[in-house]
Amino acid sequence: MLLNSRGERVYIGGAASISFLQIVRDLVSQQIGPSAFSHNEKSDRMLEVETPQANAPEPEVNAMDLDGEQKLRYLRSYYAVTEALIHVFDPSELEALLMSPDKIMTPDGISSLPSLKQASIDLVIAIGAQCDSPASAKSIGQASFRNARRQAFMGFLEDPDIDMVRTFLLMAFYMLGECRRNAAFMYLGIAAKAALALGLHSRDSYAKKPGPADQLR
């Protein structure tokens, strides 16, 4: 058990790299006694980025407010860090949504994007900004993540769909980049449960029904 950034004891598991560090510290302490490596004021704390205080002034940034060059730069950063790790968007779909995030064609005409799809677009920007530079991570990344989180919980998780799986996978990825492991694991759990509810774990739910929606699954 270690202390998180708020002083709450949390379980770190037996296979985590941070657990391995604790094992090494214990071995060193047994062999040579207490030292600065094995015993210090921060040895029982997890390395986590503190969440900005709710009452602190925070810039509000919307993906729609960014110009095309900024969007493409953050998109390239997103591809660079997520390649071979997660693949939740077809590149052509993502680029089309990113360059026109406030509108989507429907049989009835043009309407606003669903909240979860908008959240996933904001998260692409957040992850890209997070990995682009420390300045953009703070000014663009955090603001985009807050927007996405607000959109993600707008429906209180009552109607799981593909966009919910996408959104919470991306939220988990972003939080890992922020060294917020426990929050990331909780978001990953929501994504996994949403995927189970949709039957994505079973080929029977899509293998015999070829079509765009089934290819997406």
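Residues numbered from 1 in each chain as written. Predicted model: local features only at pLDDT ≥ 70, side-chain atom pairs only at ≥ 80, totals over all residues. Heavy atoms only, no water.

### Overview of the pattern of salt bridges
Heads up, the rule is: Definition used for salt bridges: Asp or Glu carboxyl oxygen within 4 Å of a side-chain nitrogen of Lys or Arg. Helix numbering and strand numbering both begin at the N terminus, where a helix is a DSSP run of H or I of at least 4 residues and a strand a DSSP run of E of at least 2. A simple rule labels every residue: compare its accessible area, found with a 1.4 Å probe on the protein chains alone, to the largest value its type can have, and call it buried under 20%, exposed over 50%, or partly exposed in between.
A complete count under the given rule lists five salt bridges for this structure. Its salt-bridge partner being K117, residue E93 comes within 3.8 Å of it at the nearest N-O pair. Linking E93 in helix α3 (residues 91-99) with K117 in helix α4 (residues 115-132), this pair joins segments that are 24 residues apart in sequence. Looking at E93, the relative accessible area reads 25%, which means it is partly exposed. Judged by relative accessible area, K117 falls into the buried class, the value being 10%. Each of the salt bridges in this network shares a partner with another, and the network as a whole consists of E93, K117, D163 and R166.

### With respect to the environment of A148
For clarity, the cut-off: Throughout, a residue-residue contact means that at least one pair of heavy atoms, one from each residue, lies within 4.5 Å.
Among the secondary structure elements, A148 is positioned in helix α5 (residues 134-152). Judged by relative accessible area, which is 0%, A148 ranks as buried. In this structure, the C-alpha to C-alpha distance between A148 and S115, residues 33 residues apart in sequence, is 8.6 Å. Look past the residues within four positions of A148 in its chain and what remains in contact with it is A119, D122 and L123.

### Focus: the nonpolar core
Considering soluble globular proteins, one finds that nonpolar side chains tend to be buried as a cluster. Spelled out, the test is: We call a set of buried residues a nonpolar core when its members are Ala, Val, Leu, Ile, Met, Phe, Trp, Tyr or Cys and they connect through side-chain atoms within 4.5 Å of each other.
In this structure, Y78, F89, F145, L170 and Y187 are the most contacted members of the largest nonpolar core, which totals 42 residues. The set of elements that each furnish at least two residues to this core consists of α2 (68-82), α3, α4, α5, α6 (162-177) and α7 (181-198). Considering every element that reaches this core, the biggest residue donor is α6, with 10 residues. Those residues in contact with L170 that sit more than four places away from it in its chain are Y78, I86, V88, F89, S120, L123, V124 and I127.

### Focus on the environment of M171
Mapped onto the fold, M171 is located in helix α6. Taking the C-alpha atoms as reference points, M171 and S120, separated by 51 residues in sequence, lie 8.5 Å from one another. The residues touching M171, leaving out its near neighbours within four places in the chain, are L123, F145, R149, A152, F153 and Y187.

### What about the confidence of the model for the chain?
It should be kept in mind that the predicted coordinates are not to be read in detail where pLDDT is low. Heads up, the rule is: Confidence scores here are pLDDT values: one per residue, from the predictor, ranging 0 to 100.
Here the chain averages 80 in pLDDT, and 72% of its residues register 70 or above. At the low end of the mean pLDDT range in the chain sits strand β4 (residues 109-111), at 42; at the high end sits α6, at 94.

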